[in-house]
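Reading the structure
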Amino acid sequence: MDKYGLIGYPLGHSFSIGFFNEKFENENINAEYINFEIPDIENLPEIITSNPELKGLNVTIPYKQKVMRYLDHMSPEAREIGAVNVIRVEHKGKNTILKGYNSDVIGFTRSIEPLLESFHKKALILGTGGASKAIEYGLRSLNIETQLVSRTKRPDAIQYEDITPDVIHEYNVVVNCTPCGMYPKADECPDLPYEAMNTKTLLYDLIYNPDETLFMKRGLEYGATVKNGLEMLLLQAFASWNFWNENE
């Protein structure tokens, strides 16, 4: 039986394990998906050697960057983004080859592209973690100029207090890559001048639980178009499966 899995720490609620095991059952695929909760990335080689049936892994927080040093190959996108969230495991004789990919960028670009209009030229990216790197790469591939937003001072980002109504008018795409507003803290939202938003504003939240975050609700009050991260998550899962099973 083929094995697939997820590495991260801690692994609480995982979308992937339910999605893939349901897929395997519905499509009569002889495989199982397992959560590998590892307290240190140095546990990865042990997982690889003790699971010879392993064909692929998803990677989540906090290992999307740390895992890169264990890989034999990386896709150009993953290398440029500087984060990997899909690993293809190939067994060639006694050798095991690990190939890294980034499905965040695929899921994001395919889900936001239908919402983009000609007046969407600049975007604010809230957060500076691993996901924001893929979002930045994806937006640039769609010819949208980007600006990172951070709670702390850093040379490549502005801070929340710098976001005036004029900034919201200029950067009318806002992507939330932070956990702010995620269940159980659903009564929180990023500190933005929501009253400056209008029908030309597009708010995209990577969070999918709750399905309508306060960030999205506040934007809707002023006519903004909003979208959560569920479709991105599904598209990522499809991309993972393709990476694991594509023919050489």
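All of the points below concern the structure found in this document. (Residues numbered from 1 in each chain as written. Predicted model: local features only at pLDDT ≥ 70, side-chain atom pairs only at ≥ 80, totals over all residues. Heavy atoms only, no water.)

**Regarding the sheet that holds strand β4 (residues 73-74)**
- Reading across from one edge, β2-β1-β3-β5-β6-β4 is the order of the six strands in this open sheet, with mixed pairing throughout. Of all the strands in the sheet, the pair left with one neighbour each is β2 (31-37) and β4.
- When strand β1 (residues 2-8) meets β2, the two strands line up parallel, connected through seven bridges. The partner of Asp2 across the bridge, within β2, is Ala31.
- Strand contacts of helix α1 (residues 15-26): β1, β2 and β3 (54-59), with the helix running at about 165 degrees to β2, the strand carrying the most contacts.
- Against the sheet, helix α8 (residues 230-245) contacts β1, β2, β3, β5 (86-92) and β6 (95-101), and its axis sits at roughly 20 degrees relative to β5. (Pairing = 2+ DSSP bridges. Helix = DSSP H or I, 4+ residues; strand = E, 2+ residues; numbered from the N terminus. Contact = heavy atoms within 4.5 Å. Axes fitted to C-alpha atoms, helices over the stretch in contact; angles between N-to-C directions.)

**Brief notes about the packing of aromatic side chains**
- Under the defined criterion, the tally for this structure stands at 15 aromatic pairs.
- Here the aromatic rings of Phe15 and Phe19 are separated by 5.5 Å at their centres, their planes lie at 25 degrees, and the arrangement is stacked. Separated by four residues within a single helix, Phe15 and Phe19 lie in helix α1, roughly one turn from each other.
- On the basis of relative accessible area, Phe19 is assigned to the buried category, the value being 19%.
- Seen from their ring centres, Phe19 and Phe20 are 5.0 Å apart, and the 90 degrees between their planes marks the pair as edge-to-face.
- Taking relative accessible area as the criterion, Phe20 reaches 1% and is therefore assigned buried.
- Taken together, Tyr4, Phe15, Phe19, Phe20, Phe24, Tyr33, Tyr208, Phe238, Trp241 and Trp244 form an aromatic cluster joined through their ring pairs.
- Over the ring of Tyr171 we find Lys122; its NZ or CZ atom is 5.4 Å from the centre of that ring. (Phe/Tyr/Trp six-rings, centres within 6.5 Å; stacked < 30°, edge-to-face > 60°. Buried < 20%, exposed > 50% of the residue type's maximum accessible area, 1.4 Å probe, protein only. Lys NZ or Arg CZ within 6 Å of the ring centre and 35° of its normal.)

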